[in-house]
Each structure stands twice: as structure tokens, then as C-alpha cells.
Amino acid sequence: MRPSLVIVGAGPRGTGLLERIAANAAELYAGRPLDIHLVDPHPPGGGRVWRHDQSPLLWMNSTAEDVTLFTDDSVEMAGPVRTGPTLAAWARQVRDGTLTVAPEPAAAAGALGPRDFAGRRLQGGYLGWVYERTVQALPPGVTVHEHRHRAVRVAGPRDGRQQVWLERRPTPLVADLVVLTLGHLGSEPPPEQRALASFAATHGLTYLPPDFTADSDLSGLRAGEPVLVRGMGLAFVDLMVLLTEGRGGRYRTRPDGQLTYQPSGEEPVLHVGSRRGVPYHSKIGYGWTGERPPLPRFFGPAETDALLALPGGPDFTRDIRPLITKELGFAHYHRLFTAHPERTAVHWTDFEEKYAAADPGSAALQALVTASVPDPADRLDLEALDRPLAGVRFGSEAALQDGLRAYIQADLDRRHDPAYSPDQAVFLALLSVYGQLTRVGDVGPWWHGFFSYLASGPPGPRLRQLLALSRAGIVRFLGADVTVTADGTTGLFRACSASLPGTEVTARALVEARLPGPSVAHSRDALLRGLYADGAAATPGGLLRVDAADGRVLDRAGRAHPRRFALGPHTDARSSGAFTRPGTNAPSFRQNDATARTLLAFLAARTPKEHHAADQ
């Protein structure tokens, strides 16, 4: 039989792995045959999240110039660099006629600028083009077979070929190697969510558990009725869009520049809150100029090696968080001192020497910052950033609405003002830290939530729309530390928050506006759940454990499976995204390259040249 590889998941991560296979094949697999089976019920390239079959109103949350699926010289990898266009450059080539694509993506690409936020459909067009280009780049003898099915089970011995069973297929695919590039997955709800769903069913209410918003059935959220929403991240932004513009509402800009919303009358009233009580920070709306902070500085490969060598593994609070704090602070102050020296009281070299010697959170560090940075607004306070409403109490519901609108407007102003460019330096440091943490494994939910809150928020225009919806009364803010209960007396959901004690809101509908938490043991994906039942290891946080070097799946004894691999957010080596900014040494690209080379080396060792000759 011809050598065979099965990749389960044809979205951007599977496409990125395929690109690295094509790039490395000439060196590691020249002249040999290979069947690559790509398994996904959704179209290859875009996969589920970036498929064409979704609302055209939904956007990416990265600018077009910051999106690429191609490696560059910044990526530290053994394989060759194969450059390609960013989303912005691809759109420009489509506009110039250099590339020919279907009419709909061509029209959208023609209007896309480098700093614009593309619609998800257009991003799907770009990813589909990357996929087609990658397939064409594979060497002769390597054939890709697409299977528009869902994979439900993997079986086979550790030292033998694997069987991948597909829905509605009587026989399995037989593979030498299997790679799971599954993306974000659903999981069975925990007890609290099951209780809320049961309460809703009993009382004829609407309860939407955590889910990918584009896949949620929103028909139960009725016009004019209150809806409680828990979560103010990107899932909430999608919900907001689909329930407003998606139901016929329109935005208008007044002569004074303020955005207003004209309702269609089909919108519900969204009462939204979360633990922090504020939306994710706006994407930064200006480009980088001048000297970049030399990262990593305090949390690099040497520090990561030391963490991995700790007996019993590192503790996040004791060992990791201080390194994160020091790295983010270094980037912030480096930018402040080099780009805005008039707002500092000492020379950078003097400050850097003392900063390096001080412990994170220590009195010495606090005294150094106080003496060196006169304006408190120029100092980095991660605790205040993380919990901006901690201890804040509003005297009335109107004061809460005014206060949250003022907070959002201030965030928009700051994130679009280069005078606050240390914020962008912190963003770069967050990316650098993420690159190190992919080697450490599952570090718990706080870091990923904090990273998303600071670095992966919505485009500025979305927050301007949120302000317009708030002024129109379509969105009502609940505040921080929101709690929701099922009131058996009234048969309604009831919400309150710490920001406005003594005030409650009741509703017949509750939406959990966030993605499901990871859970290998309770995943809704039968294949992943079956791997766990067969002995694959999971972290306490529910992620599939893999070898950080090449993605091989680990069992509960810590042994790496020689024939099963996994990449992506369902693993403890998850990275910040399947596609990323160019020039950032992206962890996902490094992982893809390492895994591709391991796959090809394994297959080449078992596929002698004479096999190829006989095959031809």
C-alpha cells in the first residue's frame, strides 16, 4: 500500500501544516509517493470558522496587513522559508488583476485596505486560495484526497497503521500517521449550565450555552424583550452584530461625527456583563514607528528551560506570572523612555539597570517607577488593567451606563493615539510571552483570558457601534462580577452585579457569550473523546497533552504516540493562532514546521526508493 497520512481538520491549521509539508518535501521526501487524506465536513482552507456560509456582517479582529499563513525569515525553524502574500497583499493582487478569484471575494478584496478589518467570508477566500496554492506546490507523487465527512474514531496499534473512521463510511481510512488539527471544539456543559438549560426547558425560556456565535440559533431572542448576556469578548461582539444590523438596523454618522443607531424594531434589549464588566480592549489603531523593544528580555528560551526543569513542573503564580509581569513592564518602559523621554525623569540606561535588578511587584520596583515616571497614567499597572471596575460602585443605573460609556470612549481614544504607544509595546511583549508559554503547556485560564482581553479585542469600529447601541438603549451594561440565578418563584433568569448593588434584571432569555471551555474527556467531538478513553492524557484544564517539540499525543504515562499527532487550541501546546502577524516568529508556524518534518522523516524511513519505482 502507498504511504498514507490523514489530517483531521482542513481549516487554517491543517492548511498551514500542509504548507510546511510541501515546503519540506524536497529535502526530506524527494521522489517518494504519499497519499494525504484531508478530513473535514467544511471546505478546506477556511474550515468551519472561516467558511462562506455565514453572515457577511461578521469580521476578523485583525487588520489585513497583520494576517498571513506564510513563513518568513523571523520564524526559527529547520525547514525552508516559503514566502507568500498577507491578506492585504493578496487583496491588492486581486484588485490589480495579478490574481484571479471568484467574483464575490474579488469585489470584497477590491475595497480592502491594509489597515481594514476583512469580513470572515473574505478571509475564507484568502485561506482557500492558500490551500489551492499549497496543493499545487506538493511534489509529484504526493496526492491530496478531500473527504467532506466528520472523523469519529481513530484506532490501531502503537507500532502499526492506524484506522480513521468517518461518519457514513463503512470502511476506515488506513494511515501510517494521523494528525488532528481540529480547531476550537465544543464540550458537554458543566453542571451549572446543565441546570440552567433544564430550568429553561421547564419554564419555556431560551438558554444558549457557550458556542461559536455564527452557529447559534438566535431565533428565540425576541424583538423588544430583555436578554441577559454573560460575556463581553468577541463572542458578544458577534452576537451584538447579528441581533442589530443582522436584523435590519442601520448606523448613521451625525454631522458632529458621532455614530448613531437606527433600530429596525426587531432587536431584543441586551443586558450584558461579565467578570470584568467591560469589553475587551480595542485593537490598536496606529502603526509602529521607531525602535522596537528587544524581546524576549526577561522571559526567553533560557527562562523557559529553567521552568521546565523545575521538579514537579512550574507553578503559574509563583514561577511564571512574575516573569510575565517583568517582561510586559520592560516593553512598556522601554517604549516610554525611548519614544517619549520628556515624560520620564531619568535616563533609560539607569532605569533599565535598576529595573533588571528589582523583583516584580517589589517595593524597590514600585519606588523606582514612581521616581522615574512622574505621571501615574504613564505607569504600567497590570492589576488595574485586568480589573478596571474592581471596587467601583455606581449610585444609579443611569450612572452605570454613563460610566461604562465613558470607559469605552476613553479606551477607544487611547488605543488610537500614538502618544500611548507603550500600549503597543506591551502588545508585542504579550506575543513574545505567548511564544514561550507554548513550550510550558497548559498554564490555566487566567493567562489566555488576559491575553485575549488586552491583545485580541475587537476592531475600534465595533466599540463605536457598541456605544451607539448603548445610547439607543439596545445594549444595557450590567457591570462587573455578574451573577445569574434561576428564579423558581418567577420562572425567570435573574442577574445582578457588584457594580450596582441592590439592582436586579430579569429576563426570559440568557446567552453565554463565549466559547465552550476545553474538555478532552467531555468533548462533543467523538474522535477526541475516544482518544481520551483509549488512554490519551489531558491536563487538569481539559487540554490534550502533546509533546511540545512536534505535537505527538502523550498517554497518561507520558509516552509519545509514534503515529498520532495533534496541533491547535485543543492541545496544551496551543499557540496564539493558526495564522498570525508577519515578522513575529509565530509559534504556530514553528510547530507546523517541526511536525511536518517529523511526519516526513517517519514516512521516508519506511518508504524506500524502490517502493517509488515500483509504484510508478
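Residues numbered from 1 in each chain as written. Predicted model: local features only at pLDDT ≥ 70, side-chain atom pairs only at ≥ 80, totals over all residues. Heavy atoms only, no water.

Turning next to the environment of Val152. Along the polypeptide, Val152 turns up in strand β6 (residues 151-155). Leave out the neighbours within four places in its chain, and Val152 touches Trp165, Leu166, Glu167, Ala526 and Leu527. (Helix = DSSP H or I, 4+ residues; strand = E, 2+ residues; numbered from the N terminus. Contact = heavy atoms within 4.5 Å.)

Direction vectors running N to C along helix α9 (residues 348-357) and helix α10 (residues 363-372) enclose 165°, while the axes themselves pass 9 Å from each other. Between α9 and α10, the angle falls in the class roughly antiparallel. Where α9 crosses over α10, the two elements pack in a sense that is left-handed. Facing Phe351, Lys354 and Tyr355 of α9, the residues of α10 in contact are Leu365, Leu368, Val369 and Ser372. Grouping the constituent residues of the contact of α9 with α10 by class yields 5 nonpolar, 1 polar and 1 charged. (Axes fitted to C-alpha atoms, helices over the stretch in contact; angles between N-to-C directions. Parallel < 35°, antiparallel > 145°, perpendicular 65-115°, else oblique. Left-handed = near helix turned anticlockwise from the far one by under 90°. Nonpolar A, V, L, I, M, F, W, Y, C, P; charged D, E, K, R; others polar.)

Our focus in this paragraph is the confidence of the model for the protein. The pLDDT averaged across the protein works out to 94; a share of 98% of its residues lies at or above 70. Low confidence marks residues 610-616, where pLDDT is under 50. Its contacts with residues over four positions away, or in another chain, come to 9 contacts. (pLDDT = per-residue confidence, 0-100.)

It is worth spelling out the environment of Asp53 at this point. Secondary-structure assignment places Asp53 in the loop between β2 (34-39) and β3 (59-63). Since its relative accessible area comes to 62%, Asp53 is described here as exposed. C-alpha separation for the pair Asp53 and Leu138, spaced 85 residues apart in sequence, amounts to 28 Å. (Buried < 20%, exposed > 50% of the residue type's maximum accessible area, 1.4 Å probe, protein only.)

Judged by nonpolar contacts, the single largest core of 83 residues is most densely connected at Tyr333 and Trp447. Among the elements that take part in this core, helix α13 (residues 422-440) stands out by supplying 11 residues, more than any other. Apart from the residues lying within four places of it in its own chain, the contact partners of Trp447 are Phe316, Ile324, Leu430, Val433, Tyr434 and Leu437. (Core = buried A, V, L, I, M, F, W, Y, C linked by side-chain atoms within 4.5 Å.)

One open sheet holds the 3 strands; their spatial order is β16-β17-β18, and the pairing between them is antiparallel. Each of the sheet's edge strands pairs with one partner strand only, and the pair in question is β16 (483-487) and β18 (505-507). The sheet shows a mean angle of 25° between the axes of neighbouring strands, direction not considered. Lying over the sheet, helix α5 (residues 191-203) contacts β16 and β17 (492-496), oriented at roughly 135° with respect to β17. (Pairing = 2+ DSSP bridges.)

This part takes up the environment of Asp378. Position of Asp378 among the secondary structure elements: in the loop between α10 and α11 (382-386). Here Asp378 falls in the buried class, since its relative accessible area comes to 7%. Setting aside residues up to four positions removed in sequence, Asp378 forms contacts with His332, Tyr333, Leu336, Arg343 and Val373.

What follows deals with the packing of aromatic side chains. Going through the model one piece at a time under the given rule, you end up with 21 aromatic pairs. Centroid distance Tyr207 to Phe493: 6.3 Å. Interplanar angle 45°. Geometry classified as tilted. Residue Tyr207 is located in strand β10 (residues 206-208), and its partner Phe493 is located in strand β17; the two are separated by 286 residues in the primary sequence. Using a relative accessible area of 11% as the deciding quantity, one classes Tyr207 as buried. Centroid distance Tyr434 to Phe451: 4.4 Å. Interplanar angle 80°. Geometry classified as edge-to-face. Of this pair, Tyr434 sits in helix α13 while Phe451 sits in helix α14 (residues 445-455), and the two are 17 residues apart along the sequence. Take Tyr434 and Phe451: they sit in the same class, and that class is buried. (Phe/Tyr/Trp six-rings, centres within 6.5 Å; stacked < 30°, edge-to-face > 60°.)

What follows deals with the side chain of Ser497. Within the secondary structure, Ser497 is located in the loop between β17 and β18. A relative accessible area of 8% means that Ser497 is categorised as buried. A distance of 2.6 Å separates a polar atom in the side chain of Ser497 from the backbone oxygen of Leu478. At 3.2 Å, the side chain of Ser497 and the backbone nitrogen of Ser499 are in polar contact. With residues near it in sequence (within four places) discarded, Ser497 still touches Leu478, Gly479, Ala480, Asp481 and Val482. (Polar contact = N/O pair within 3.5 Å; in protein donor to acceptor, adjacent residues only side chain to side chain.)

All right, on to the pattern of salt bridges then. If the charged atoms of two oppositely charged side chains come close together, the side chains can form a pair. Across all of its chains, the model carries 36 salt bridges by this definition. Between Arg597 and Glu27 there is a salt bridge whose closest N-O contact spans 3.1 Å. Here the residue Arg597 occupies a position in helix α17 (residues 587-605), and Glu27 occupies one in helix α1 (residues 12-28), the gap between them amounting to 570 residues. Note on Glu27: relative accessible area 52%, which makes it exposed. Here Arg318 and Asp319 are joined by a salt bridge, their closest N and O atoms 2.6 Å apart. Of the residues examined, Arg318 reaches a relative accessible area of 55% and is grouped as exposed. Beyond isolated ion pairs, a larger network of salt bridges with shared partners links Glu192, Arg230, Glu512 and Arg514. (Salt bridge = Lys/Arg side-chain N within 4 Å of Asp/Glu carboxyl O.)

A separate point is the side chain of His340. Position of His340 relative to the elements: it lies in the loop between α8 (316-339) and α9. Take His340: its relative accessible area is 10%, and that puts it in the buried class. Not counting the four nearest positions on each side in its chain, His340 is found in contact with Arg335, Pro418, Ala419, Ser421 and Pro422.

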